[in-house]
Amino acid sequence: MHGLKEWTNEGWIGISLGIKREEIDMLVSLLQALKDEPDQHFHFSSSYQGNAGIGDIEIYLQVDEPDNMSVLGFATAPNKPEA
């Protein structure tokens, strides 16, 4: 996994996470477990080596907090073979 942060001119921060193909099943499994065990949480954590950047991102089940973000789809339509 690789994380990057980017500041906008308006003061917002964007986070980009690159995930390896072999990490996808684990992420899906952790998200499913979170659905089944809402008191749990998990982290995307840095090795804290090299230049300072994103140290830790905690993933938990939102319950009583108001929304201030949303999940969006792909930036572009997925590649599909033509029939």
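As the structure is a prediction and not an experimental result, all values here were calculated from the model. (Residues numbered from 1 in each chain as written. Predicted model: local features only at pLDDT ≥ 70, side-chain atom pairs only at ≥ 80, totals over all residues. Heavy atoms only, no water.)

Excluding glycine, residues mostly carry a negative phi; peptide bonds, for their part, are mostly trans. Its identity as a non-glycine residue notwithstanding, Tyr48 has a phi of 55 degrees, on the positive side. Note on placement: Tyr48 falls in the loop between β3 (41-45) and β4 (56-60). (Helix = DSSP H or I, 4+ residues; strand = E, 2+ residues; numbered from the N terminus.)

Turning our eyes to something else, we now look at the confidence of the model for the chain. Of the residues in the chain, 96% have a pLDDT of 70 or more, and the chain-wide mean is 89. Mean pLDDT across the elements of the chain ranges from a minimum in strand β1 (residues 2-7), with 85, to a maximum in helix α1 (residues 24-36), with 96. (pLDDT = per-residue confidence, 0-100.)

Looking now at a nonpolar patch on the surface. Taken together, the side chains of Met1, Trp7, Ile13, Ile15, Leu17, Ile19, Ile24 and Val28 present a nonpolar region at the surface, about 740 Å² in accessible area. Going through the elements one at a time, β2 (13-18) and α1 are the ones with two or more residues in the nonpolar patch. Per element, the largest residue contribution to the nonpolar patch is three residues, and it comes from β2. Inspection of the secondary structure puts Ile19 in the loop between β2 and α1. Look at Ile19 and you get partly exposed, because its relative accessible area is 36%. (Patch = residues over 30% accessible without salt bridge, like charges linked within 9 Å, V, L, I, M, F, W, Y side chains within 5 Å. Areas by Shrake-Rupley, 256 points an atom, 1.4 Å probe, with all protein chains shown as cover. Salt bridge = Lys/Arg side-chain N within 4 Å of Asp/Glu carboxyl O. Buried < 20%, exposed > 50% of the residue type's maximum accessible area, 1.4 Å probe, protein only.)

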